[in-house]
Amino acid sequence: MSLLQTPLPSVQAYVQAFSDAPLPVLRHTVRAFATLRESGENVGARHLAGIVISDPLMTMRLLTHLERHRRQSQNHDITTIERAVLMMGVEPFFTAFAELPTVEDALAEHPRALIGVLKVIARARRAADYARDFAVVRRDIDPQEITVATLLHEATEIVCWIVAPQLTLQVIERQRENPRMRSADAQRAVFGTSMPELQLALIRAWHLPELLVSLLDDSQQDNPRVRTIQLATDFARHLAHGWEDPALPDDLDALEALLHLSREPLLQRLGVPEEVRVRFLPPPAAEPATAPTA
């Protein structure tokens, strides 16, 4: 894979460079597919989908593959992974994805970038788990769509780590030198654009289903489905810094409003450890003053 060493002049130039690069997947994904195929067992779509949805890059590859090979008779978008596998069929799936490059090989000479991208992937998985749970609480029409969209919310940062590892490390260094610097400002200083600005252009160029494109549009915060994805992503990002992250109380306030849950049930649902829950609970009400005795 040819890696970017210097910034490009426009968003479209990045889209072209990222689109030209073969998208790798996790080594664990490749091994899981091989083990499943060699087992001789009757492989079901649900089992395959479980492997795909644990890897944001494989999820992206599958959805873009379906769009590129869309049948004329297909009159609706495929927006969940199990439906995507069912649409392809198990054997055609294995044939289409028989030879996959891996993230670990692509970044073999860039160990810091490999650690960086694996952290982002882990964060994306965690956000997707939260979003699925939030969608269930909200009685969303299809929690699996929310899960897929949330998993892909970090796709641009993941691709930047893989295709432009040195530039992405420069972003991290700028924020380390200036902790108050916003991520988008650091990204613009290095790349000339921010990840959110690149995100929609990239996913449109990769022909993701229109519903997923709309769910990934952070400007549509009045849409509760989009807000579910954004809050799950924000919460997972802040939690990656530990339960002491100063942004977490604001995240919890926003989640209370979205999910219509009071604080204690919300903390329990989020799995907040007992020893830190007190930090997120409102102060106890003051006892009423007693009237002085005569």
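The structure this text deals with has already been given above.
The structure displayed is predicted, hence computed values, not measured ones. (Residues numbered from 1 in each chain as written. Predicted model: local features only at pLDDT ≥ 70, side-chain atom pairs only at ≥ 80, totals over all residues. Heavy atoms only, no water.)

## Some words on the overall build of the protein chain
Heads up, the condition is: Put simply, DSSP H or I for four residues or longer makes a helix, DSSP E for two residues or longer makes a strand, and each gets a number counted from the N terminus. Note on classification: 1.4 Å probe, protein chains only; a residue is buried when its accessible area is under 20% of the maximum for its type, exposed when over 50%, partly exposed between these limits. Pairs of residues are marked as contacts when any of their non-hydrogen atoms sit within 4.5 Å. Residue exposure ignores everything except the shown protein chains as possible cover, and the areas themselves are Shrake-Rupley values with a 1.4 Å probe. His is not counted, nor are the chain ends; Lys and Arg add positive charge and Asp and Glu add negative charge. Every charge is mapped to an atom, namely NZ of Lys, CZ of Arg, CG of Asp or CD of Glu.
For the protein chain, the count of helices and strands is 18 helices and zero strands. A principal-axis box enclosing the C-alpha atoms of the protein chain has dimensions of 90 × 45 × 35 Å. Looking at the protein chain as a whole, 48% of its 294 residues are labelled buried. Long-range pairs, those at least 24 residues apart, make up 66% of the contacts in the protein chain with a sequence separation of at least 6. Carbon and sulfur atoms make up 51% of the accessible area of the protein chain, which totals about 15400 Å². The positive charge centre, built from 30 side chains, and the negative charge centre, built from 38, are 1 Å apart in the protein chain.

## Quick word on helix H3 (residues 45-52)
As a reminder, the rule being used: It is the directions from the helix axis to the C-beta atoms that the arc portrays.
Residues Ala45, Leu48, Ala49, Ile51 and Val52 constitute the buried set of H3. For H3, the angular spread of buried residues about the axis comes to 155°, placing them on one side.

## Observations regarding the layout of surface pockets
Summary: where empty space remains is shown by rolling a probe the size of a single water molecule over the atoms. Spelled out, the test is: Definitions used for this entry: grid spacing 1 Å over protein atoms alone; cavity, a set of points where a 1.4 Å probe fits but cannot get out; pocket, an open set with protein on both sides within 12 Å along at least 5 of 7 lines; lining residue, one with an atom within 4 Å of a point. Grid points are joined across faces, edges and corners, and a volume is the space filled by probe spheres set on the points. Under this grouping Gly is polar, as are all residues other than the nonpolar Ala, Val, Leu, Ile, Met, Phe, Trp, Tyr, Cys and Pro and the charged Asp, Glu, Lys and Arg.
Looking at the largest pocket, its volume works out to about 1600 Å³. In terms of lining, the largest pocket is formed by 43 residues, of which the most central are Arg123, Glu157, Gln175, Ser183 and Arg237. If you list the elements that add at least two residues to the lining of the largest pocket, you get helix H8 (111-138), helix H10 (155-163), helix H11 (165-177), helix H12 (183-191), helix H13 (195-205) and helix H15 (224-239). A per-element tally of the lining of the largest pocket places H8 first, with eight residues. Partitioned by chemical class, the residues of the lining of the largest pocket number 17 nonpolar, 13 polar and 13 charged. Computed from the structure, the second largest pocket encloses a volume of approximately 310 Å³. Residue lining of the second largest pocket: 14 residues in total, with Ser19, Leu23, Thr64, Arg68 and Trp206 positioned closest to the centre. Contributions of two or more residues to the lining of the second largest pocket are made by helix H1 (11-20) and helix H4 (56-68).

## Section: the side chain of aspartate 234
How we decide: Here a polar contact means two N or O atoms within 3.5 Å. Within protein one must be a hydrogen donor candidate and the other an acceptor candidate, and residues neighboring in sequence count only if both atoms are side-chain atoms.
In this fold, aspartate 234 is placed in helix H15. In terms of polar contacts, aspartate 234 uses its side chain to reach the side chain of glutamine 230, at 2.8 Å.

## With respect to the packing of aromatic side chains
So the rule is basically this: Pairing of aromatic rings covers Phe, Tyr and Trp, the last through its six-membered ring, and needs centres within 6.5 Å; plane angles under 30 degrees mean stacked, over 60 mean edge-to-face, and all others mean tilted.
This model, assessed by the stated rule, comprises nine aromatic pairs. Ring centres of tyrosine 130 and phenylalanine 134 lie 6.1 Å apart, and the angle between their planes is 20°; on these two criteria the pair is classed as stacked. Residue tyrosine 130 and its partner phenylalanine 134 are both found in helix H8; the two are separated by four residues, about one turn of the helix. Look at tyrosine 130 and you get buried, because its relative accessible area is 12%. Among the residues examined, phenylalanine 134 registers a relative accessible area of 1% and is labelled buried. The interplanar angle of 80° and the centroid separation of 5.1 Å between the aromatic rings of tyrosine 130 and phenylalanine 235 together place this pair among those described as edge-to-face. One end of the pair, tyrosine 130, is in helix H8; the other, phenylalanine 235, is in helix H15, with 105 residues separating them in the sequence. With respect to burial, tyrosine 130 and phenylalanine 235 carry one shared label: buried. One aromatic cluster is present, formed by Tyr130, Phe134, Phe235, Trp243 and Phe280 through successive ring pairs.

## Overview of the side chain of threonine 147
Here threonine 147 is to be found in helix H9 (residues 143-152). Assessed through its relative accessible area of 1%, threonine 147 is described here as buried. Ignoring sequence-local partners within four residues, the contact set of threonine 147 consists of Ile53, Ala128 and Arg132.

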